[in-house]
Amino acid sequence: MSSGDTRKILVTGSSGFVGSWVSRILVQRGYAVRALYRRDQIPDHLRKTEELGAELQRRDLTCLEDVRAAVQEVEGVIHCAGLVKDWGYEQEFYAQNVEVTKRLVDEARRSGCGVFVFLSSLSVHGFGVHRGSTEEGPFYPYVSGYQSSKKAAEEYVLSQAAPGFRVTVLRSGNAYGPGDTTTFYRLFAILERGVRGTVSGSRVLTSPVYIEDLVEAIELALENDASAGEVFNICSGEEVTWGEMMQYCAELLGVRPWFELPIGLAWVAAYLFNSIYRLFRIKAEPPVFPYRVAHIAWDYNFSIEKARRILGYQPKTDWRTGLSRTVAAYKDFEKEQ
Ligand SMILES: NC(=O)c1ccc[n+]([C@@H]2O[C@H](COP(=O)([O-])OP(=O)(O)OC[C@H]3O[C@@H](n4cnc5c(N)ncnc54)[C@H](OP(=O)(O)O)[C@@H]3O)[C@@H](O)[C@H]2O)c1
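So, here's what we can say about the structure. (Residues numbered from 1 in each chain as written. Predicted model: local features only at pLDDT ≥ 70, side-chain atom pairs only at ≥ 80, totals over all residues.)

### So, the overall build of the chain
For the record, the criterion: Think of it this way: any DSSP run of H or I at least four residues long counts as a helix, any run of E at least two long counts as a strand, and we number them from the N terminus. In this description the radius of gyration comes from C-alpha coordinates, and the expected globular size is given by 2.2 Å times residues to the power 0.38. Whether a residue is buried, exposed or partly exposed is read from the other C-beta atoms within 10 Å of its own C-beta, which are placed from the backbone; 20 or more gives buried, 12 or fewer gives exposed, and intermediate counts give partly exposed.
What the chain contains, in helices and strands, is 12 helices and 15 strands. In terms of overall size, the chain behaves like a compact globule, its C-alpha atoms giving a radius of gyration of 19 Å where 337 residues would be expected to give roughly 20 Å. Taken across its 337 residues, the chain has 48% of its residues classed as buried.

### Things to note about the nonpolar core
For clarity, the cut-off: Take the buried Ala, Val, Leu, Ile, Met, Phe, Trp, Tyr and Cys residues, join any whose C-beta atoms are within 7 Å, and the set you get is a nonpolar core. Distance between backbone-placed C-beta atoms decides contact: two residues are in contact if it is within 7 Å.
Judged by nonpolar contacts, the single largest core of 93 residues is most densely connected at Val-11, Phe-116, Ala-217, Ile-218 and Ile-234. Here the element with the most residues in this core is helix α7 (residues 211–223); it accounts for eight residues. Ignoring anything within four residues of it in the chain, the contact list for Ile-234 reads Leu-170, Arg-171, Ser-172, Gly-173, Val-209, Leu-214, Ala-217, Ile-304, Ala-307 and Tyr-313.

### Looking at the environment of Val-215
Take Val-215: it is sitting in helix α7. It is 7.1 Å that separates the C-alpha atoms of Val-215 and Trp-21, two residues lying 194 residues apart in sequence. With sequence-adjacent residues up to four places away left out, Val-215 is seen in contact with Trp-21, Val-22 and Ile-25.

### So, the pairing of strand β9 (residues 195–199)
Selection criterion: Note on pairing: DSSP must find at least two bridges between two strands before they are called paired.
Along β9, four of the five residues are buried, which leaves the element largely enclosed by surrounding structure. The sheet contact formed by β9 and strand β14 (residues 259–261) spans two bridges and is parallel. Counterpart to Val-195 in the pairing with β14 is Phe-259.

### What to know about the site of the ligand
Applied cut-off: Think of it this way: take the backbone, place a C-beta atom on it, and check whether that atom is within 6 Å of the molecule or strand, in which case the residue is near it. Amino acids are sorted into nonpolar (Ala, Val, Leu, Ile, Met, Phe, Trp, Tyr, Cys and Pro), charged (Asp, Glu, Lys and Arg) and polar (every other residue, Gly among them).
Around the ligand, a shell composed of 29 residues is seen, among which Gly-13, Gly-16, Val-18, Leu-61 and Ala-81 lie nearest. Residue assignment for the shell around the ligand shows that the elements contributing at least two residues are α1 (17–28), α4 (90–110), β5 (115–121) and β8 (174–176). By residue number, the principal contributor to the shell around the ligand is α1, which donates three residues. Among the residues forming the shell around the ligand, the class breakdown is 11 nonpolar, 13 polar and five charged.

### With respect to the packing of α1 against helix α2 (residues 44–52)
When two helices pack together, their arrangement is given by the angle between their axes and by how far apart the axes lie. The condition that has to hold: Fitted lines through C-alpha atoms serve as axes, helices being fitted only where they are in contact, and the angles separating the N-to-C directions of these axes extend from 0 to 180 degrees. Orientation categories follow fixed angle ranges, with anything under 35 degrees roughly parallel, anything over 145 roughly antiparallel, 65 to 115 roughly perpendicular, and all other angles oblique. A crossing counts as left-handed when the near helix is turned anticlockwise from the far one by less than a right angle, and as right-handed when that turn is clockwise.
The N-to-C vectors of α1 and α2 enclose an angle of 20°; their axes lie 9 Å apart at closest approach. With respect to α2, the axis of α1 lies roughly parallel. The chirality of how α1 crosses α2 is left-handed. Across the interface between the two elements, Ser-20, Ser-23, Arg-24, Val-27 and Gln-28 of α1 pack against His-45, Leu-46, Thr-49 and Leu-52 of α2. Class assignment for the residues of the contact of α1 with α2 results in three nonpolar, five polar and one charged.

### Section: the environment of Glu-192
Assignment of secondary structure puts Glu-192 in helix α6 (residues 184–192). Note: C-alpha distance between Glu-192 and Ala-250 (58 residues apart in sequence) is 7.8 Å.

### Quick notes on unusual backbone geometry
Between Gly-137 and Pro-138 the backbone carries a cis peptide bond, its omega angle lying at 5°. Following the sequence through the fold, Pro-138 ends up in the loop between β6 (130–133) and α5 (145–159). One non-glycine residue with positive phi stands out, namely Glu-73, at about 55°. By the secondary structure assignment, Glu-73 is in the loop between α3 (64–71) and β4 (74–79).

Have a look at this one:
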């Protein structure tokens, strides 16, 4: 990367959880950032990033004209935008995650942008036993269009590498931290209602990554030529179970959840709800469904050896410290509501 005066780093999905952190931290580190959002109202956190010096643009990446405008005079793209849901229909995921990514990669390359970093997910490995799984596998069958769409998008991004156009895929673990209203804040709310967000004690491993560590990995990928054409697993590298994490969250919140589904019942309910909701094309999220159960039913632990070795990635925040910060931010957020 060269630090031109006018060329910028485009961060898509800056109104979302990951993109908001990426755009703010990059601006604080002196990058010229173009932060993209799509919703009607600019969120407060993005206003603050604008005050720090980011250029905000409202764009819908399903629209070709918007994509062309977004990549104008951009030196690097960090593509965080996407449809990020545990439940949804395949066509929706395909349109938002595959088609949008293809259009953005094509236009970025055409406009002379030099670096493209794509935020993917460890869930492209599928759910089955993962203990120290590497970028090479294993892979298991998918239970959601989210997984297949992220994998298809990854493949397209990697296929577009060319001289002068460096592409990198980062497969993030379960990102968490202050502002994570879609996943961890929801889990906290569930714990406060007495329900553990786990099944059968949940002694299976999971793969958290504190948001600032994820941003660190993104910046390393942006800056390091050795990341060209590579895929990296990005998580904390710790061995921690869902049960341990939820128990610690409950302690921090001062609650004692008492209800937890047994795994067998969770699977039956998941497939039942899945069939009914799909049969009647119900848009709302069912109370339980296969992706959510699968995510907490098997060990989900990945090696970050490749990211350490090639990118120099060194996660700094252990899960207890990260969760303490996240719960503290959640309590402030609750007070403001
Ligand atoms: N969070 C995690 O734990 C996690 C784990 C693994 C991978 N990832 C990956 O990290 C990325 C960011 O995730 P996140 O948790 O930050 O998701 P998020 O909070 O749901 O944010 C999604 C962002 O994408 C934007 N977006 C969606 N469709 C768009 C479109 N057609 N045009 C323009 N913008 C669009 C949204 O904009 P508006 O809200 O303004 O509409 C929002 O800013 C995703 O690619 C996801 O797959 C996340």
